[in-house]
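Each chain is listed here by its residues.
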Amino acid sequence: MMQTLDSSKSCTAQFADQHIHGLAGVDFATSTTSDIRAALALLAARRTTQVTASIPTVQQQQVPAILARLGPLFHEGLLSGIHFEGPFLAPAYAGAHSRQALLAPGELAGQNFLATVLKHQELAPMITMMTVAPELVGFEALVQQLVAYGIAPALGHTNAAYEQMRDGIDLVFQLTGRPVIITHLYNAMRGFHHREPGPLLAVIEAAQRGMVSIELIADGHHVHAGVISWWLTTYPTAVRLVSDASAATLPSGCKPLTQSTPMLGLTSLGYPSSGSPMLADGYTRASGASDLATIHDDLVAHGLDHAAVCAAMRSH
């Protein structure tokens, strides 16, 4: 039975956001520890009590400072982990990430970046996930190293052909024995064509076999509600709803927690007058428009099953 908006507002479920860059003026990659603490408190007040801090593509020299700022929050239990979304992404599908900072895992600069990450992971294992494009040269060696250090390879920001995505999913699943995370399915990803199906067909086939956990940004701008409803109906246990929110995401009734320009790592953003935050080019979406509390209420108001929505917002 479909739920009403009133019943969604009375929901007391707590949410886990496993892909979020910040909120209300605070960027997890560049803001101070105290400002990030304030953003986490705001999220907790809005029932997102488990947060994985997503870091967009940054320069290698920024990594130690980022981990130093986030470390105390992870050790206090305020963060569930850290997600590096890059730099091993397909340039054609970089989305809001700095193309100048993208790296290939098979090149020396990429290997140096990875060495820095793994060095800090060995000292303080906080990094739980890294998004990578499976078609990049050096992908196999990269994911083997990530798994060895307890970092789950997520697949996304990809121009992969069908066979490359299928083989990438198979490899990561064999290495981890767990469903492979697909970073915000459909977004920053090569689309489907009947002669060149690209990554989407491989993901759907893997979902049939229980081999993937797919992220969907369900803010009303990134993915159509009908598509979200199809996934929740067809493969409900495969879905993890995420906000992909950034410092430029401002929940209704909330004020910015800082007076500084909202950032997404290396990129300056602005608070949108409507819709989701955009880059300066005016057509590239920079992040999600809503936090999970708003997404929950909007999806249930749209007629999606309340229990299914809540289940997709729990930790997987």
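The paragraphs below set out a description of the structure included in this document.

1. Regarding the overall build of the protein chain
Phase 1 of the analysis: Within the protein chain, the regular secondary structure consists of ten helices and twelve strands.
Phase 2 of the analysis: Taking 20 Å as the expected radius of gyration for a compact globule of 316 residues, we find that the protein chain reaches 18 Å, a close match to that expectation.
Phase 3 of the analysis: Reported as C-alpha extents along the three principal axes, the dimensions of the protein chain are approximately 55 × 45 × 35 Å.
Phase 4 of the analysis: A separation of at least 24 residues holds for 73% of the contacts in the protein chain among residues at least 6 apart in sequence.
Phase 5 of the analysis: When the accessible surface of the protein chain is split by element, carbon and sulfur atoms take 53% of a total near 13,000 Å².
Phase 6 of the analysis: Averaging the locations of the 16 positively and 23 negatively charged side chains of the protein chain gives two centres separated by 3 Å.

2. Some points on the pattern of salt bridges
Phase 1 of the analysis: For the structure on display, the rule yields five salt bridges.
Phase 2 of the analysis: One salt bridge connects Arg37 with Glu76, and the closest N-O pair in it is separated by 2.6 Å. One end of the pair, Arg37, is in helix α2 (residues 33-45); the other, Glu76, is in the loop between α3 (63-75) and β5 (81-85), and 39 residues separate them in sequence.
Phase 3 of the analysis: Given the relative accessible area of 33%, Arg37 is considered partly exposed.
Phase 4 of the analysis: One salt bridge in this structure joins Glu196 and Arg190, with 3.1 Å as the shortest N-O distance.

3. Some points on the packing of aromatic side chains
The description of an aromatic ring pair uses the distance of the two centres, along with the angle that the planes make with each other.
Phase 1 of the analysis: Scanning the entire structure with this criterion turns up five aromatic pairs.
Phase 2 of the analysis: Here Phe84 and Phe113 contribute two aromatic rings whose centre-to-centre distance is 6.5 Å and whose plane-to-plane angle is 85 degrees, an arrangement assigned as edge-to-face. Of this pair, Phe84 sits in strand β5 while Phe113 sits in helix α4 (residues 108-123), and the two are 29 residues apart along the sequence. The two residues Phe84 and Phe113 agree in class, both being buried.
Phase 3 of the analysis: With centroids separated by 5.8 Å and ring planes inclined at 75 degrees, the aromatic side chains of Trp230 and Tyr235 adopt a geometry described as edge-to-face.
Phase 4 of the analysis: We classify Trp230 as partly exposed; its relative accessible area is 39%.
Phase 5 of the analysis: With relative accessibility at 16%, the residue Tyr235 sits in the buried group.
Phase 6 of the analysis: Through successive ring pairs, a cluster of aromatic residues spans Phe84, Phe88 and Phe113.

4. Observations regarding the environment of Gly71
Phase 1 of the analysis: With respect to the helices and strands, Gly71 occurs in helix α3.
Phase 2 of the analysis: Residues Gly71 and Pro179, 108 residues apart in the sequence, show an inter-C-alpha distance of 27 Å.

5. Some thoughts on helix α8 (residues 225-234)
Phase 1 of the analysis: Burial in α8 covers these residues: Ala225, Ile228, Trp231 and Leu232. Along α8, the residues classed as buried sweep out an arc of 125 degrees about the axis, all on the same side.

6. With respect to the packing of α2 against α3
Phase 1 of the analysis: Viewed as axis vectors pointing N to C, α2 and α3 meet at an angle of 45 degrees, and their least axial separation amounts to 9 Å. What the angle tells us is that α2 and α3 run oblique. Remark: the crossing between α2 and α3 carries right-handed chirality. Counting all contacts with α2, which are made through Thr33, Ile36, Arg37 and Leu40, the residues of α3 involved are Arg69, Leu70 and Leu73.
Phase 2 of the analysis: Taken together, the residues that form the contact of α2 with α3 break down as four nonpolar, one polar and two charged.

Thresholds applied
- Residues numbered from 1 in each chain as written.
- Predicted model: local features only at pLDDT ≥ 70, side-chain atom pairs only at ≥ 80, totals over all residues.
- Heavy atoms only, no water.
- Helix = DSSP H or I, 4+ residues; strand = E, 2+ residues; numbered from the N terminus.
- Rg over C-alpha atoms; globule rule 2.2 N^0.38 Å.
- Contact = heavy atoms within 4.5 Å.
- Areas by Shrake-Rupley, 256 points an atom, 1.4 Å probe, with all protein chains shown as cover.
- Lys, Arg positive; Asp, Glu negative; His and termini not counted.
- Charge placed at Lys NZ, Arg CZ, Asp CG, Glu CD.
- Salt bridge = Lys/Arg side-chain N within 4 Å of Asp/Glu carboxyl O.
- Buried < 20%, exposed > 50% of the residue type's maximum accessible area, 1.4 Å probe, protein only.
- Phe/Tyr/Trp six-rings, centres within 6.5 Å; stacked < 30°, edge-to-face > 60°.
- Arc of directions from axis to C-beta.
- Axes fitted to C-alpha atoms, helices over the stretch in contact; angles between N-to-C directions.
- Parallel < 35°, antiparallel > 145°, perpendicular 65-115°, else oblique.
- Left-handed = near helix turned anticlockwise from the far one by under 90°.
- Nonpolar A, V, L, I, M, F, W, Y, C, P; charged D, E, K, R; others polar.

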